[in-house]
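Summary of the model geometry
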Amino acid sequence: MSEQRGKRYLTTEEFARRLQEAGIRCTERTVQNWIKAGKVKAIRPGRRHLYIPIEELDRILRSDQQTLRLAPV
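The sections below set out a description of the structure shown in this document. Fair warning: this is a prediction, and the values are worked out from it, not measured in the lab. (Residues numbered from 1 in each chain as written. Predicted model: local features only at pLDDT ≥ 70, side-chain atom pairs only at ≥ 80, totals over all residues. Heavy atoms only, no water.)

So, the nonpolar core
If you look at the biggest cluster of nonpolar residues, it comprises 15 residues, and the most contacted ones within it are Phe15, Leu19, Cys26, Val31 and Val40. At the level of secondary structure, the elements contributing two or more residues to this core comprise α1 (12-21), α2 (28-36) and α3 (54-62). (Core = buried A, V, L, I, M, F, W, Y, C linked by side-chain atoms within 4.5 Å. Buried < 20%, exposed > 50% of the residue type's maximum accessible area, 1.4 Å probe, protein only. Helix = DSSP H or I, 4+ residues; strand = E, 2+ residues; numbered from the N terminus.)

Notes on the pattern of salt bridges
Counted under the stated rule, the structure contains 1 salt bridge. The partner of Arg59 in a salt bridge is Glu56, with the nearest N and O atoms 3.0 Å apart. Of this pair, Arg59 and Glu56 both sit in helix α3, 3 residues apart, roughly one helical turn. Judged by relative accessible area, Glu56 falls into the buried class, the value being 6%. (Salt bridge = Lys/Arg side-chain N within 4 Å of Asp/Glu carboxyl O.)

Observations concerning the packing of α1 against α3
If you want to describe how two helices pack, look at the angle between their axes and the distance between the axes. At their nearest, the axes of α1 and α3 sit 11 Å apart, and the two run at 30° to each other. Comparing the axis directions of α1 and α3 gives the class roughly parallel. Handedness of the α1/α3 crossing: right-handed. Where α1 abuts α3, its residues Phe15, Arg18 and Leu19 lie against Ile54, Glu56, Leu57, Ile60 and Leu61. (Axes fitted to C-alpha atoms, helices over the stretch in contact; angles between N-to-C directions. Parallel < 35°, antiparallel > 145°, perpendicular 65-115°, else oblique. Left-handed = near helix turned anticlockwise from the far one by under 90°. Contact = heavy atoms within 4.5 Å.)

Spatial relationships are all this shows, so hold off on functional conclusions.
So, in structure tokens, the structure goes:
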């Protein structure tokens, strides 16, 4: 887990793994697609890495897990 400016962030790999642990079938590529579509907030401090605030994980886990129809944030 990454720490930036006092907030907790997850990489796309960590984010996907946490969703899998919660019983949601998800891959790192799915997470990247959600970010690109504006369904998950993320920051890109450089050219290669994406970091997702831990709050986004909580938001998804509270959402409709049957369909995972995530509204744009």
